[in-house]
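# Structural characterization, general
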Amino acid sequence: MSAIVLNENFEKASELALPESFSGINPHNLYLYVKAYQAGLRADTASAKTRSEMRGGGKKPWAQKGRGGARAGSRRSPVWVGGAVVHGPNTGRNYDQKVNKKQKKLALNFALDALAAEGKLFIVDSIEIASGKTKDAKAMFDKLGVRDALLVKSIVDENTFLAFRNIQSTYLVEENELNAFLASAYRAVVIEKAVWENLTKES
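Looking at an unreviewed UniProt entry, one finds the chain named Large ribosomal subunit protein uL4, with Sulfurimonas diazotrophicus as its source organism. Note on the chain: under the UniProt heading Sequence similarities (unreviewed entry), the record states "Belongs to the universal ribosomal protein uL4 family." Here the chain is described in UniProt, under the heading Subunit (unreviewed entry), as follows: "Part of the 50S ribosomal subunit."

### Section: the side chain of Thr200
Relative to the elements of secondary structure, Thr200 occurs in helix 6 (residues 193-200). For Thr200, a relative accessible area of 16% translates into the label buried. Among the polar contacts made by the side chain of Thr200, one reaches the main-chain carbonyl oxygen of Trp196 at a distance of 2.9 Å. Setting aside chain neighbours within four positions, we find Thr200 in contact with Pro19 and Phe22.

### Focus: the environment of Asp125
Locating Asp125 in the fold gives a position in the loop between strand 3 (121-124) and helix 3 (134-142). Judged by its relative accessible area of 60%, Asp125 is exposed. The spatial distance from the C-alpha of Asp125 to the C-alpha of Val5 is 8.7 Å, given a sequence separation of 120 residues. Setting aside residues up to four positions removed in sequence, Asp125 forms contacts with Glu192 and Lys193.

### Description of the sheet that holds strand 2 (residues 12-17)
Taken together, the six strands give an open sheet; going across it, the order is 2-1-3-6-4-5, and neighbouring strands pair in mixed fashion. Because the sheet does not close on itself, it has two edges, and the strands there are strand 2 and strand 5 (170-174). Mean inter-strand twist for the sheet, computed between neighbouring axes without regard to direction, equals 25°. As paired strands, strand 4 (residues 149-153) and strand 6 (residues 189-192) are joined by three bridges and run parallel to one another. Looking at the pairing, Leu151 lines up with Val190 of strand 6. Relative to strand 6, helix 6 is tilted by about 90°, and along the sheet it contacts strand 2, strand 3, strand 4 and strand 6.

### Structural notes on the pairing of strand 2
Burial of strand 2 is sparse: only zero of the six residues sit out of reach of the surface. Direction of pairing for strand 1 (residues 2-6) relative to strand 2: antiparallel, over a ladder of five bridges. Across the sheet, the residue bridging to Leu6 is Lys12, located in strand 2. Adjacent in sequence and paired antiparallel, strand 1 and strand 2 are bridged by five residues, among which Phe10 carries a positive phi angle near 60°.

Parameters at a glance
Residues numbered from 1 in each chain as written. Predicted model: local features only at pLDDT ≥ 70, side-chain atom pairs only at ≥ 80, totals over all residues. Heavy atoms only, no water. UniProt positions renumbered as here; feature names shortened; annotations may be inferred. Helix = DSSP H or I, 4+ residues; strand = E, 2+ residues; numbered from the N terminus. Buried < 20%, exposed > 50% of the residue type's maximum accessible area, 1.4 Å probe, protein only. Polar contact = N/O pair within 3.5 Å; in protein donor to acceptor, adjacent residues only side chain to side chain. Contact = heavy atoms within 4.5 Å. Pairing = 2+ DSSP bridges. Axes fitted to C-alpha atoms, helices over the stretch in contact; angles between N-to-C directions.

Right, dumping it as structure tokens:
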């Protein structure tokens, strides 16, 4: 597989072959990473009060015998409207799933290799919009001919951030934010050359 190398005008200049380590990766690595990533996003805010946490309910609603109705010991019983919840959700649950460094690397390489197979992996010397204008960023993006794209820059400068932030079909991240989930979520990835070299120097 090969990545498409772009010139400063975001036009195709050449192709760059991916390292051999990017091929033959089991796609299950990507599945495990995405599953763990999404599990980590869970807010874990669901909570329901048990009988011991409910307010009130100290007085017995009515006498045990004599009224012809069912017995009742508390207005906070789970069978009452406004009562407690039995086995309800709580915030003590841990959704974290372990993914080791090797699997994270394999997942990212697989995602990038899949994009390269579709001709949607691009490498460019620099992603920079000096003017900070959205129209300039949009004109650059339109040259890619893709529906949406993840842009990976070594360090995001303020002008480039301002230029891309209002384009919903693009997402600009720094090198340390790149992961397999983001790479697989977008139909194209544009990576600065310096970032690509860091990704492949150990591959």
